[in-house]
Amino acid sequence: MDGSETRFRSTSRQEGAATTPIALTIAGSDSGGGAGIQADLKTFSALGVYGASVITALTAQNTLGVQGIHDVPAEFVSAQMDSVFSDLTIGAVKIGMLSSPAVIDAVAAGLERHGARNVILDPVMVATSGDRLISKAAAERLRERLLPMALVLTPNLPEAAALLGEETATDEVGMRQQGARLIELGAQSVLMKGGHLDGPQSIDIFVYPGGFGRLEAPRVATRNTHGTGCTLSAAIAAMLASGSDLVEAVVQAKDYLTDALFAADRLRIGAGAGPVHHFHSSWRKMDDAQRQSVP
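Residues numbered from 1 in each chain as written. Predicted model: local features only at pLDDT ≥ 70, side-chain atom pairs only at ≥ 80, totals over all residues. Heavy atoms only, no water.

Peer 1: Requested: an account of the overall build of the chain, with residues and values cited.
Peer 2: The number of helices and strands found in the chain is 9 helices and 9 strands. With 295 residues in all, the chain has 50% of them scored as buried. Considering only contacts within the chain whose residues lie at least 6 apart along the sequence, 67% involve residues at least 24 apart. For the chain, the computed accessible surface area is about 14200 Å², with 52% contributed by carbon and sulfur atoms. (Helix = DSSP H or I, 4+ residues; strand = E, 2+ residues; numbered from the N terminus. Buried < 20%, exposed > 50% of the residue type's maximum accessible area, 1.4 Å probe, protein only. Contact = heavy atoms within 4.5 Å. Areas by Shrake-Rupley, 256 points an atom, 1.4 Å probe, with all protein chains shown as cover.)

Peer 1: How would you sum up the nonpolar core? Please name residues and give values.
Peer 2: Among the nonpolar cores identified, the biggest contains 48 residues, and Ile26, Ile95, Val107, Leu111 and Leu146 are the most heavily contacted of them. Discounting residues that sit within four places of it in the chain, leucine 111 has contacts with Ile26, Met81, Val93, Ile95, Ala116, Val119, Leu146 and Met149. In this structure, Phe44, Ala235, Ala253 and Tyr256 belong to the second largest nonpolar core, which totals 28 residues. (Core = buried A, V, L, I, M, F, W, Y, C linked by side-chain atoms within 4.5 Å.)

Peer 1: Account for the environment of serine 202, naming residues and giving values.
Peer 2: Tracing the backbone through its elements, the reader meets serine 202 in strand S8 (residues 201–208). Note on serine 202: relative accessible area 16%, which makes it buried. Contact partners of serine 202, with chain neighbours within four places excluded, come to Leu215, Glu216, Ala217, Pro218, Arg219 and Lys254.

Peer 1: Describe the side chain of threonine 222, naming the residues involved and giving the relevant values.
Peer 2: If you trace the backbone, threonine 222 turns up in the loop between strand S9 (211–218) and helix H7 (228–241). With a relative accessible area of 16%, threonine 222 lands in the buried category. If near-sequence neighbours (up to four positions away) are discounted, threonine 222 is found in contact with Leu261, Ala264 and Asp265.

Peer 1: Summarise the pattern of salt bridges; cite the residues concerned and give the values.
Peer 2: It is possible for side chains bearing opposite charge to pair when their charged atoms get close. Taken as a whole, this structure holds 11 salt bridges when the rule is applied. Linking arginine 141 and aspartate 105 is a salt bridge whose minimum nitrogen-to-oxygen distance equals 2.5 Å. Within this pair, whereas arginine 141 is found in helix H4 (residues 136–146), its partner aspartate 105 is found in helix H3 (residues 101–114), the two being separated by 36 residues in sequence. Judged by its relative accessible area of 27%, arginine 141 falls in the partly exposed class. Here aspartate 105 falls in the partly exposed class, since its relative accessible area comes to 27%. One salt bridge in this structure joins glutamate 166 and arginine 181, with 2.9 Å as the shortest N-O distance. With glutamate 166 in the loop between helix H5 (157–164) and helix H6 (172–184) and arginine 181 in helix H6, this pair connects stretches of sequence that are 15 residues apart. Relative accessible area serves as the criterion here: at 30%, glutamate 166 is assigned to the partly exposed category. (Salt bridge = Lys/Arg side-chain N within 4 Å of Asp/Glu carboxyl O.)

Peer 1: Could you give an account of the packing of aromatic side chains, with specific residues and numbers?
Peer 2: Inspection of every chain in the model, using the stated rule, returns 2 aromatic pairs. Ring centres of phenylalanine 206 and tyrosine 208 lie 5.9 Å apart, and the angle between their planes is 50°; this geometry places the pair in the tilted category. What makes tyrosine 208 partly exposed here is its relative accessible area of 34%. Look at phenylalanine 279 and tryptophan 283: their rings are 5.6 Å apart centre to centre, the planes differ by 15°, and that puts the pair in the stacked class. By relative accessible area, tryptophan 283 is classed as partly exposed at 32%. Positioned over the ring face of phenylalanine 212 is arginine 176, at 4.7 Å from the centre of the ring. (Phe/Tyr/Trp six-rings, centres within 6.5 Å; stacked < 30°, edge-to-face > 60°. Lys NZ or Arg CZ within 6 Å of the ring centre and 35° of its normal.)

As structure tokens, this is what we get:
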């Protein structure tokens, strides 16, 4: 050897690489891990999107119910938003649990301040367990301040009825009509989730100005439905952050949630309504091992 030095260049960070898609969840924390911030981040990751978060509330929660809620001060919600938006290129924003009018105002002001795009608003009002998560005053403020910012509003039937001050829709015609009225209140489009209806099919209605689309999937017989609404709205945000168009994002998100529901019983989480299987496509080896261990 002649003693000359060879310099090796690291290839761990390649110049000119494509920008990593990023989605932001603004929601409450579920200490049980099945819904809220935790479900959103799992969904983003499962769909190949980097997830950032702004926590609006802490819940003491498990598969059996919600035992307590602690709101994050509105000023700190604003600080989290400013921190994230000042550094990260956010391709889509999913908004979930906002339990106080002050926090709703802080989120709305932050979205305006940073020019947020592709906002998906999941008007979380009641947990799967039946526990109410939002006050009437907060529901009114959400309708006034945030609903007009939503590219997609994703209410279930009771939530849509609460936003409109009407009775809950009982069929697809009612779903289309209420979706249209929510657009009149300012939402750019509305995905009416039909999980509360009966029948062998789970029917969602996607309503947009001038038309609507019908999304159909088999109804999955499982009690592990905790976090379904969070997961669906987060999946829409992830697809939009990845570059999908709006209709494609909604359809792909519905497919992802359906697959996660079909795989939900592979998990053994808690004594109540467990979570859907966010990582159904990547945990196959673990799932196989669990199934083999069941007598």
